[in-house]
Amino acid sequence: MSKELDSLLKEERIFKPSSEIVENSNIKKWMAKYGIQSYEELLEKAGKNPEWFWDELAQELGWFKEYTDILKWDPPHAEWFLNGKFNITHNALDRHVNGSKKDKIAYIWEGEDGEIKKLTYHELQKEVNKFANALKELGVKKGDTVSIYLPMILELPIAMLACAKIGAVHSVVFSGFWAKAFQERINDAKSKVAITTDGFTRRGKLLPLKENVDEILKNTPSIKNLIVVKHSGIDVEMQEGRDLWWHKITKNMSEECKTEVLDSEDPLFILYTSGTTGKPKGVMHVHGGYAVGVYATLKFVFDLKEDDIWWCAADIGWVTGHSYIVYAPLLLGATSIIYEGTPDYPDPGRLWRMVENYGVTVFYTAPTTIRMFMKFGEKWPKQHDLSSLRLLGSVGEPINPEAWIWYYKHIGGEKCPIMDTWWQTETGMHLITPLPISDLKPGSAVRPFPTVKADIFDDEGKSVKEKGGHLVIKSPWPSMFRTLYRDPQRYIDAYWSTFENIYLSGDVGRIDEDGYFWIQGRSDDVLKVAGHRISTAEVESALVSYKGVAEAAVVGKPDEIKGEEIAAFVVLKEGNTPSEDFKNKLKYHVRTEIGPIATPKYLNFVEDLPKTRSGKIMRRVIKAKVKGEDVGDITTLANPEAVDGLDRAL
Ligand code: WTA
């Protein structure tokens, strides 16, 4: 890393938002309504009376029937806005179309090849209605699950909103995963209908999707229909009786569709995410509380106003896209950008050119993207007028101070506060985050969002200050996940049992003397590779499913740009010989089992893995070796010679 960056590592300045930003912020105006003078007072008042805070915000949305109670907290189960009748699509679309935002642009979509499509709220609603009617005609009913495997095209939010409209539950699978992941998730949810596309473009290359889906649908007994979006123009074979073209089934559908009146606690979506075992967790969110949580955070954290152009440059296949590309901006009636392609294609000026062209005012991305652009250098953003930007955001992994400063200087022109938002698939919304009125410290996610009680615990469950420990949340929040799909026991065991009825995030961090949170990363075996959440156990199980592999251990190796890279150690079965060819085949196998994002960058053959006497792999030792750190106490190892083997492999 350059000298300049090295010195930036020692950044200890505090960045204060300008008085213009503070005075015009949504949160400041909201505080004025209640006579709240300061950030401190806001946190205190909301902390003492969360139900008041959330009730006020829920009232900004439309309810078919008012809720009778705000919260029922029967740890670890929460219900919010009880007995309220609600639908998130009603709030995201119908409400605006019936009001003043009918002809406002909801989405500006740009394809990787530069094609542009714009949809107003009314046009979006019509597309959603037509597709919702088509789903109904296929027999999709309230409570049914629809599995969706689409890249960043407009049909993805349309399909999600259509499901929500009729009370069906969507399960979106990231299109960067291999189709096998889609198969597992279809079978877990027993979906009757699945949605995909012929293919899409990545770096100018056409990639098929339908073709891969055909393969996996051979083993998905629940599927009756596959809906296919014609997008790339790749030739595909349509299976008679099963496959249907999106454009054909929606063509003659009515543009009107009744929005289902749901209960606030009715399920909205399942989103699978990686945990510490090989089996992904189906995180379940509901209509009412989720809507209120994402609405409030986008309004207060990213401060969206009527004429803002919002760009959350994430993928809709991950929770960031669900919450902050699809639902929250539409709930606020905002105009958002959706970009289909890769950020540095055809050149590293792509994003900045788009910011200039569309006059983007608030921009949200991941640290890994920022670090990638740091590498390309500031000459790329310099070529563009980025003065429309007012606020910036970061999510997905810890942002290192040098990346923070680079982002602040070269993208934000030293005038845009950076909202470093900490949250998870499970939390649905930002939980630890600055507001535009907060003083910022580069690398810190600042303080918990109003009402959220976050803390750092030691192993015994005691609160610690200015010391590292487990990040926990001690109070319920409206958009918390309600359970793990078909696995309610795992919900309790994985999150609420280490410290009884306290939410265990799986992250480690520290609180400084000013009450600021510094989140350092995961304490469990979940990796963050370029912001993608990947479980070491999933990669290990993909490795051992390959012929000739006896055992595998996977750990994260720190990487300057991606945060972490996957490092795998593989023991072969008797009679197999390590070779470059074997290595490549094995890597390819993982790629097709999970997806390109899970392919180990480093793959090493070893004779043995370090184990305890009871046969448990001592991951701690492997991690230390990979990081070049001291391995510490290895007296409990049954096979200390395995450590030398690691040395030889590295
Ligand atoms: C990490 C993404 C530090 C963290 C929204 C968490 C962060 C995991 C931040 C969840 C942040 C997310 N600072 N770490 N601002 N935001 N993380 O479910 O390890 O894909 O547990 O949700 O990302 O990843 P997930």
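Residues numbered from 1 in each chain as written. Predicted model: local features only at pLDDT ≥ 70, side-chain atom pairs only at ≥ 80, totals over all residues. Heavy atoms only, no water.

Student: I'm lost on the overall build of the protein chain in this one. Help?
Tutor: Along the backbone of the protein chain there are 22 helices and 30 strands. Its C-alpha atoms give the protein chain a radius of gyration of 24 Å, within 12% of the compact-globule value 26 Å for 650 residues. Based on the C-alpha atoms only, the size of the protein chain along its principal axes is roughly 70 × 65 × 55 Å. Counting the 650 residues in the protein chain, one finds 61% classified as buried. (Helix = DSSP H or I, 4+ residues; strand = E, 2+ residues; numbered from the N terminus. Rg over C-alpha atoms; globule rule 2.2 N^0.38 Å. Buried < 20%, exposed > 50% of the residue type's maximum accessible area, 1.4 Å probe, protein only.)

Student: Explain the site of the ligand here, please?
Tutor: Taken together, 17 residues sit near the ligand, with Asp 420, Thr 421, Thr 425, Arg 522 and Arg 533 positioned nearest. For the ligand, a nitrogen atom lies 2.7 Å from a polar atom in the side chain of Asp 420. In the model, an oxygen atom of the ligand is placed 2.8 Å from a nitrogen or oxygen of the Lys 528 side chain. Taken by itself the ligand offers 520 Å² of open surface, and the protein chains cover 97% of this. When contributions to the shell around the ligand are tallied by element, the ones reaching two or more residues are α13 (319–331) and β25 (517–522). (Near = heavy atom within 4 Å. Polar contact = N/O pair within 3.5 Å; in protein donor to acceptor, adjacent residues only side chain to side chain. Areas by Shrake-Rupley, 256 points an atom, 1.4 Å probe, with all protein chains shown as cover.)

Student: What is the right way to read the pairing of strand β1 (residues 69–74) from this model?
Tutor: As paired elements, β1 and strand β2 (residues 77–82) share 5 bridges and run antiparallel to each other. Note on β2: the bridge partner recorded for Asp 74 is His 77. (Pairing = 2+ DSSP bridges.)

Student: Would you explain the sheet that holds strand β24 (residues 503–511) in this entry?
Tutor: Either a parallel or an antiparallel arrangement is found when strands of a sheet pair, and the pairing is made through backbone hydrogen bonds. One open sheet holds the 4 strands; their spatial order is β21-β22-β24-β25, and the pairing between them is antiparallel. For this open sheet the edge positions go to β21 (454–457) and β25, each flanked by a neighbour on one side alone. Direction aside, neighbouring strands of the sheet carry axes that sit 45° apart on average. (Axes fitted to C-alpha atoms, helices over the stretch in contact; angles between N-to-C directions.)

Student: Quick question: what am I supposed to make of the sheet that holds strand β29 (residues 563–572) here?
Tutor: A sheet is described by the order of its strands in space; here 3 strands give the open sequence β28-β29-β30, paired in mixed fashion. The open sheet terminates on both sides in strands that have one partner only, identified here as β28 (549–559) and β30 (602–605). Direction aside, neighbouring strands of the sheet carry axes that sit 20° apart on average. The sheet contact formed by β28 and β29 spans 10 bridges and is antiparallel. By the bridge assignment, Lys 557 is partnered in β29 with Glu 565. Strand contacts of helix α19 (residues 536–544): β28, β29 and β30, with the helix running at about 140° to β28, the strand carrying the most contacts. (Contact = heavy atoms within 4.5 Å.)

Student: Could you clarify how one ought to interpret the pattern of salt bridges in this entry?
Tutor: Any two side chains of opposite charge can pair, so long as their charged atoms come close to each other. Taken as a whole and judged by the stated rule, the model has 43 salt bridges. Across the pair Arg 447 and Glu 40 runs a salt bridge whose closest N-O atoms are separated by 3.2 Å. With Arg 447 in the loop between β20 (418–420) and β21 and Glu 40 in helix α4 (residues 39–48), the pair connects residues that are 407 residues apart, well separated along the chain. When its relative accessible area of 15% is taken as the criterion, Arg 447 is described as buried. Across the salt bridge formed by Glu 540 and Arg 619, the nearest N and O atoms sit 2.7 Å from each other. Note that Glu 540 is positioned in helix α19 and Arg 619 in helix α21 (residues 619–627), a separation of 79 residues in sequence. The residues Glu 540 and Arg 619 share a single accessibility class, namely buried. (Salt bridge = Lys/Arg side-chain N within 4 Å of Asp/Glu carboxyl O.)

Student: Explanation requested: the domain arrangement of the protein chain in the structure shown.
Tutor: It is common to report an interface's size as the accessible area lost on association of the parts. Taken as a whole, the protein chain is organised into domain 1 (19–87 + 285–482 + 490–521), domain 2 (121–260) and domain 3 (546–649). Contacts between the two partners involve 5 residues from domain 2 and, on the opposite side, 7 residues from domain 3. Carbon and sulfur atoms supply 60% of the area buried between domain 2 and domain 3, which totals about 570 Å² over both sides. Among the residues domain 2 hides against domain 3, the three largest losses belong to Phe 177, Trp 178 and Lys 180. Together they make up 77% of the total. Applying the counting rule to domain 2 against domain 3 returns 1 salt bridge. The residue makeup of the side of domain 2 that touches domain 3, split by class, is 3 nonpolar, 1 polar and 1 charged. (Domains from an automatic or database assignment. Buried area = accessible area lost by both parts, 1.4 Å probe. Nonpolar A, V, L, I, M, F, W, Y, C, P; charged D, E, K, R; others polar.)

Student: Which parts of the structure should I look at to understand the environment of Glu 460?
Tutor: Looking at the element boundaries, Glu 460 is found in the loop between β21 and β22 (469–473). On the basis of relative accessibility, which here comes to 65%, the residue Glu 460 falls in the exposed class.

Student: Hey, could you run me through the packing of aromatic side chains in this one?
Tutor: Each aromatic ring pair is summarised here by two numbers: the centre-to-centre distance and the angle between the ring planes. Per the counting criterion, the structure on display carries 47 aromatic pairs. With 4.6 Å between their ring centres and 50° between their planes, Trp 30 and Tyr 34 make a pair best called tilted. Judged by relative accessible area, Trp 30 falls into the buried class, the value being 4%. Residues Trp 30 and Phe 53 carry aromatic rings whose centres are separated by 5.2 Å and whose planes lie at 70° to one another, so their mutual orientation is edge-to-face. Within this pair, whereas Trp 30 is found in helix α3 (residues 26–33), its partner Phe 53 is found in helix α5 (residues 50–58), the two being separated by 23 residues in sequence. An aromatic cluster is present here, built from Trp 30, Tyr 34, Trp 52, Phe 53, Trp 54, Phe 300 and Phe 449 joined pairwise through their rings. For Lys 45, the ring lying beneath its charged end belongs to Trp 52, and the centroid distance is 4.6 Å. Between Arg 185 and the ring centre of Phe 177, over which it is positioned, the NZ or CZ distance is 5.4 Å. (Phe/Tyr/Trp six-rings, centres within 6.5 Å; stacked < 30°, edge-to-face > 60°. Lys NZ or Arg CZ within 6 Å of the ring centre and 35° of its normal.)

Student: For this particular structure, what's the right way to read the pairing of β25?
Tutor: A regular strand places its side chains on the two faces of the sheet in alternate fashion. The pairing of β24 with β25 spans 5 bridges and is classified as antiparallel. Residue pairing across strands places Arg 510 opposite Trp 518, the latter belonging to β25.

Student: When you look at α5 in this model, what are you seeing that I'm missing?
Tutor: In an α-helix, one full turn covers 3.6 residues, which means residues spaced three or four apart are oriented alike. Residues Trp 52, Phe 53, Trp 54, Leu 57 and Ala 58 constitute the buried set of α5. Its buried side turned inward, α5 meets α3, α4, β2 and α12 (287–301).

Student: Could you clarify how one ought to interpret the nonpolar core in this entry?
Tutor: A general trend in soluble globular proteins is that nonpolar side chains are found buried together. In this structure, Trp 54, Leu 124, Phe 131, Tyr 324, Tyr 327 and Phe 363 are the most contacted members of the largest nonpolar core, which totals 159 residues. Counting only domains with at least three residues in this core, you end up with domain 1 (19–87 + 285–482 + 490–521) and domain 2 (121–260). Counting residues in hydrophobic clusters, the runner-up holds 40 residues, among them Val 213, Leu 527, Val 529 and Ala 568. (Core = buried A, V, L, I, M, F, W, Y, C linked by side-chain atoms within 4.5 Å.)

Student: Explain the confidence of the model for the protein chain here, please?
Tutor: Any region with low pLDDT has predicted coordinates that should not be read closely. When pLDDT is averaged across the protein chain, the result is 95; 98% of the residues are at 70 or more. At the low end of the mean pLDDT range in the protein chain sits helix α1 (residues 3–8), at 44; at the high end sits helix α8 (residues 155–166), at 99. (pLDDT = per-residue confidence, 0-100.)

Student: Teacher, can you tell me more about the side chain of His 430 here?
Tutor: By the secondary structure assignment, His 430 is in the loop between β20 and β21. A polar contact of 3.1 Å, which involves the side chain of His 430, links it to the side chain of Tyr 364. Filtering out sequence-adjacent residues up to four positions away, His 430 remains in contact with Thr 297, Val 301, Phe 302, Tyr 324, Tyr 364, Thr 421, Trp 422, Trp 423 and Phe 449.

Student: Just checking my understanding: could you explain the packing of α5 against α12 for this structure?
Tutor: A pair of packed helices is characterised by two quantities: the angle between their axes and the separation of those axes. Two numbers describe how α5 lies on α12: the axes approach to 10 Å, and their chain directions differ by 90°. The angle between α5 and α12 falls in the class roughly perpendicular. Between α5, through Phe 53, Trp 54, Leu 57 and Ala 58, and α12, the contact on the second element is made entirely by Val 292, Gly 293, Tyr 295, Ala 296 and Phe 300. For the contact of α5 with α12, the class distribution of residues is 8 nonpolar, 1 polar and no charged. (Parallel < 35°, antiparallel > 145°, perpendicular 65-115°, else oblique.)

Student: Is there a simple way to explain the environment of Glu 41 in this structure?
Tutor: Relative to the helices and strands, Glu 41 is located in helix α4. Taking C-alpha positions, Glu 41 is 53 Å from Lys 205, a pair spaced 164 residues apart along the chain. Those residues in contact with Glu 41, other than ones at most four positions away along the chain, are Gly 35 and Ile 36.

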